[in-house]
Amino acid sequence: MTSTTVPAPSAATIAAIPTGLFIGGTWRDAADGSVFDVENPATGEVLAAVADAGPDDGDDALAAAVTAQAPWARTAPRFRGEILRRAYDLVMARQDWLAEVMTSEMGKPLAEARGEVAYAAEFLRWFSEEAVRISGDHTTTGDGSNRIIVTREPVGPCVLITPWNFPLAMGTRKIAPAVAAGCTMVLKPAPQTPLTSLALAALLQEAGLPDGVLNVVNTTDAATVVGRWMASGKARKVSFTGSTAVGKLLLRQAADTVMRSSMELGGNAPFIVCADADIDVAVDGAMAAKMRNMGEACTAANRMYVHRDIAAAFSRRLADRMATLRMGNGLDSATQVGPLIDAAGRDKVQRLVDDARQRGATALTGGQLPDGPGYFYPPTVLANVSPESELMTTEVFGPVAPVIPFDDEDEVIARANDTEWGLVGYVFTQDIDRAFDLSERLEVGMVGINNGVVSNPAAPFGGVKQSGLGREGGKVGIDEFLEYKYLSVPRRQGKLPAA
């Protein structure tokens, strides 16, 4: 179903968001006065015009972060943790406001947006607690001549680059550990969704984050602004979430100044349903793994490998579920599927679906562009998809579930691993030994076993191969923002005991 209601965000919601650059604790216009428009992808209407930073603005932001780094690094861990805890409380208190902002500029339904706010806030709370748990080590050398003291120190000013699909959660997932570790930051949000990042910056300022610790630079000239940050030698770490192609470019730039790098890049997740799986559980998992965020997620299940004995039944049940979803403007409370982010994203999805159908796939539901405004694409299930389809090698980033039958476990593992990506995989089976065996053989950083949602602030998020470097969240998330320092101290030598 498609919702015909086209609500608009309240004027107060948009008016409450600062639209400038946030540099050194001050909201300001771009140096040359440039702005760019932020649109609602459900309607195409302009929500706001935000400051469009140039290279000089970017330089000012990095200078503010560099100036703030030394005093910020010396603050007490508890002080930093309490700022994050106050920020958590503020985010949760403004949950409805933040959800409406996010839905307006990104398109996801309000229910999902509220869920993202809660998920994003949890990173603030989690790292508020990790700030006081930064530990070191103390031992002696093997010959007893020296004490070895190991301390942990903030890596220094960080470049943070966030995507449009989870604008609040990807912001807090990077900002919170950096704050906890004692690092300052320059943040470049995606130009499609800067309003959420600006709202978050305002809440962090309200929570007491000192001037210059976080600097937010909206820009349509990312190549120049970020390029100068990367080449400056002043930024000591880059953390990026986005496409593998851009991640590779940043890694090449990082090599010139030997910057610490964290990369959360593309995915093309295999979703394996074994012959003994509970089909209802598998379909529930498929809905969660595929339809979260309209499929615009790096964790989305993009290749559904289903044992041939149950492939037809699974496909029918999944198609029946997908066909009932209500598509429309995310601001309508009845909407379950919002628009894709832009025309290019929607057209890519249609191209991949057309290619699969030309190779023999059958659309059990969806598969055609709807009429009307907005960048909508209907939930789609494709049965009997050829392994040669472009869908098998391209991250679709849309609500399309291609089902590919398989006959044995060796075959499905070979197919699942035949990709440059290795972010997440999913395994559905009622045999615990089979679940662990397949999970161990999958070349991914995360596995959902009879579970379609793996993301959690308490768990390490990240992949292998060309899906990235490093981990975000969990106990290890703060490590990405800390360096080890070893102190060697001579040890007084007493008289050795007689042999």
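Just so you know, these numbers come straight off a predicted model, no measurement behind them.

## Thoughts on the sheet that holds strand β22 (residues 482-490)
Next, step 1: With antiparallel pairing, the 3 strands of this open sheet are ordered in space as β5-β6-β22. This sheet does not close on itself; its edge strands, each paired only once, are β5 (137-140) and β22. For this sheet, the mean inter-axis angle between neighbouring strands, taken without regard to orientation, is 20°.
Next, step 2: Where β5 meets strand β6 (residues 146-154), 4 bridges bridge the pair, whose relative direction is antiparallel. The residue of β6 that forms the bridge with T140 is R147.

## Let's talk about the UniProt feature "domain: Aldehyde dehydrogenase" (unreviewed entry) in the protein
Next, step 1: Look at the UniProt record and you will see "domain: Aldehyde dehydrogenase" (unreviewed entry) annotated at residues 27-486.
Next, step 2: Secondary structure within residues 27-486 divides into 39% helix and 20% strand; the distance between the first and last C-alpha atoms comes to 40 Å.

## What about the environment of A459?
Next, step 1: Among the secondary structure elements, A459 is positioned in the loop between β19 (446-449) and β20 (464-465).
Next, step 2: Among residues more than four places away in sequence, those in contact with A459 are E472, G473 and G474.

## Here we look at the packing of helix α4 (residues 95-106) against helix α5 (residues 110-130)
Each pair of packed helices can be summarised by the angle the axes make with each other and by the distance between the axes.
Next, step 1: Viewed as axis vectors pointing N to C, α4 and α5 meet at an angle of 120°, and their least axial separation amounts to 8 Å. Taken together, the axis directions place α4 and α5 in an arrangement best described as oblique. Taken as a pair, α4 and α5 cross one another with a handedness that is right-handed. Of the residues in α5, those in contact with Q95, D96, L98, A99, E100, M102 and T103 of α4 are L110, A113, R114, E116, V117 and A118.
Next, step 2: Residue composition of the contact of α4 with α5, by class: 7 nonpolar, 2 polar and 4 charged.

Rules used in this analysis
- Residues numbered from 1 in each chain as written.
- Predicted model: local features only at pLDDT ≥ 70, side-chain atom pairs only at ≥ 80, totals over all residues.
- Heavy atoms only, no water.
- Pairing = 2+ DSSP bridges.
- Helix = DSSP H or I, 4+ residues; strand = E, 2+ residues; numbered from the N terminus.
- Axes fitted to C-alpha atoms, helices over the stretch in contact; angles between N-to-C directions.
- UniProt positions renumbered as here; feature names shortened; annotations may be inferred.
- Contact = heavy atoms within 4.5 Å.
- Parallel < 35°, antiparallel > 145°, perpendicular 65-115°, else oblique.
- Left-handed = near helix turned anticlockwise from the far one by under 90°.
- Nonpolar A, V, L, I, M, F, W, Y, C, P; charged D, E, K, R; others polar.

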